[in-house]
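The primary structure of each chain is shown beneath.
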Amino acid sequence: MNAYILHEINQLTYKQTDRPIPGPGEVLLQVKAAGICGSDIPRIYRTGAHIHPLIPGHEFSGIVIKAGEQADVIYREHLSVSRRDCPSQSEPLTGKRMGVFPLIPCGCCSQCREGRYELCRTYSYLGSRRNGGFAEFALVPAANLIEIPKSVSFEEAAMLEPMAVAVHAMRRANLTPSDTIAICGLGTIGLLLLLFLQEAGFSNILAIGNKHIQQQLAIQNGLPEACYCDSRQQNAGEWLMEQTGGQGASTFFECVGKEETASLAVDSTAPEGQIVLVGNPHSDIGLEQDIYWKILRNQLTIRGTWNSSFTHSADDDWHYVLNRLEQKRIRPGCLITHRFSLAELERGMHIMRDKSEEYGKIMGSL
Ligand SMILES: [Zn+2]
Ligand SMILES: [Zn+2]
């Protein structure tokens, strides 16, 4: 099969390699769509992955081509009770269209035993700790599969992971309808968060971006123009204060991961408000003393969020997303600005690395 193989930092090659054979409890998936995540770029070009050689890519979907021993049994054991009763579940796994939860929990630690897989400390991960989806075929544990109905496209299914991450952040914040919500950083996660907040009925949303395409995508998706701030053109902190009558946002989603936006978050959150830290940190993040004081004096709550919940129950983050995709209440495809074949996918990685042009989601369609 053809695959991208990361041999070491900044040494990615597209080449022929053996098609893997599914072991017990695993399936071989023919990859149909694979998105490039922002985190893939430093992993491939700057920091390297946990192991090399590695096939990167953790946002993907496809068709089950082959099921290893016991894979069918394990898949069905993990289904939620409601889905287990569905007649199609007695069909074999082979031929099913699937989305993929990329985190492989240890299953033994106390967090795993409670189904809080995102908190597992000894997890494995497709595309960073073991081979992922930038290939024609990928091995996936049967317990990590989520079946997608015909009405959901492979591209949409390849965006289940970033959507679930956005939903996880949203659901970890205890939001109330009257909240004034700020989203700082409109990369894929920030934009998806905007879509899911709107879908959930929140209307007081203020968004801060710094690219023309982000403004365009946010406004196309229903954000009033007056609720968007381009931080290159105006001081985002002053703008937020003006928009909130000097109060600040009651919930501030930080989706950038830089010192200046972390400090903007503290500075622009209302008394008793909360900050949800979503963006992966680019480097060390420090706060000036008078900013730090505001955490205390404003009695702010700072909440971290990581990954997403996939417990197979009907209300985990992945099923929350899948339900809304099925009902066409969320259309993530509108965020895709570039599509490449697998052989050309590295062009997409270069666009994201070099920022040679503006982009939303960059998708490999196979
Ligand atoms: Zn990702
Ligand atoms: Zn664990």
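For the structure itself, consult the block above.
Caption draft 1: Up close: a negative patch on the surface. A cluster of like negative charges, contributed by Glu 259, Glu 260, Asp 284, Glu 288 and Asp 290, occupies part of the molecular surface. Checked against the element boundaries, Glu 260 lands in helix H10 (residues 259-267).

Caption draft 2: Examining the packing of aromatic side chains more closely. Taken as a whole, this structure holds 6 aromatic pairs when the rule is applied. Taken together, a centroid distance of 4.7 Å and an interplanar angle of 40° make the contact between Tyr 4 and Tyr 14 tilted. Here Tyr 14 lies in strand S2 (residues 11-16) and Tyr 4 lies in strand S1 (residues 2-8), a separation of 10 residues in the sequence. Consider the rings of Tyr 123 and Tyr 125, whose centres lie 6.1 Å apart with planes at 70°: the pair is edge-to-face. Each member of the pair Tyr 123 and Tyr 125 is classed as buried. Feature note: the residues Phe 101, Phe 310 and Trp 318 constitute an aromatic cluster, connected by ring pairs. Positioned above the aromatic ring of Phe 137 is the side chain of Arg 19, whose terminal nitrogen or guanidinium carbon lies 4.0 Å from the ring centre. In this arrangement the basic side chain of Arg 324 is found over the ring face of Tyr 320, its NZ or CZ atom lying 3.5 Å from the centre.

Caption draft 3: View of the state of the cysteines. In total, this model carries 0 disulfides according to the counting rule given. Lacking any disulfide linkage, Cys 108 is separated from the closest cysteine sulfur, that of Cys 106, by 4.8 Å. What makes Cys 108 exposed here is its relative accessible area of 55%.

Caption draft 4: Focus on a nonpolar patch on the surface. A contiguous nonpolar patch, built from Leu 287, Tyr 292, Trp 293 and Leu 296 and spanning about 400 Å² of accessible area, is present on the exposed surface. Position of Leu 287 relative to the elements: it lies in the loop between strand S14 (269-277) and helix H11 (289-297). The exposure class assigned to Leu 287 is partly exposed, which follows from its relative accessible area of 33%.

Caption draft 5: A look at the pattern of salt bridges. Within this structure, the stated rule accounts for 15 salt bridges. One salt bridge connects Asp 317 with Arg 171, and the closest N-O pair in it is separated by 2.8 Å. With Asp 317 in helix H12 (residues 317-326) and Arg 171 in helix H6 (residues 160-172), the pair connects residues that are 146 residues apart, well separated along the chain. A relative accessible area of 3% means that Asp 317 is categorised as buried. Among the ionic pairs, Arg 324 bridges to Glu 199, the shortest N-O distance being 3.0 Å. In this pair, Arg 324 is assigned in helix H12 and Glu 199 in helix H7 (residues 188-199), connecting sequence segments 125 residues apart. For Glu 199, a relative accessible area of 14% puts it in the buried group. Ionic contacts of the salt-bridge type, sharing partners, join the residues Glu 91, Lys 96 and Glu 147 into one network.

Definitions and cut-offs
Residues numbered from 1 in each chain as written. Chains lettered and ligands numbered in written order. Predicted model: local features only at pLDDT ≥ 70, side-chain atom pairs only at ≥ 80, totals over all residues. Heavy atoms only, no water. Patch = residues over 30% accessible without salt bridge, like charges linked within 9 Å, V, L, I, M, F, W, Y side chains within 5 Å. Areas by Shrake-Rupley, 256 points an atom, 1.4 Å probe, with all protein chains shown as cover. Salt bridge = Lys/Arg side-chain N within 4 Å of Asp/Glu carboxyl O. Lys, Arg positive; Asp, Glu negative; His and termini not counted. Charge placed at Lys NZ, Arg CZ, Asp CG, Glu CD. Helix = DSSP H or I, 4+ residues; strand = E, 2+ residues; numbered from the N terminus. Phe/Tyr/Trp six-rings, centres within 6.5 Å; stacked < 30°, edge-to-face > 60°. Buried < 20%, exposed > 50% of the residue type's maximum accessible area, 1.4 Å probe, protein only. Lys NZ or Arg CZ within 6 Å of the ring centre and 35° of its normal. Disulfide = S-S within 2.5 Å.

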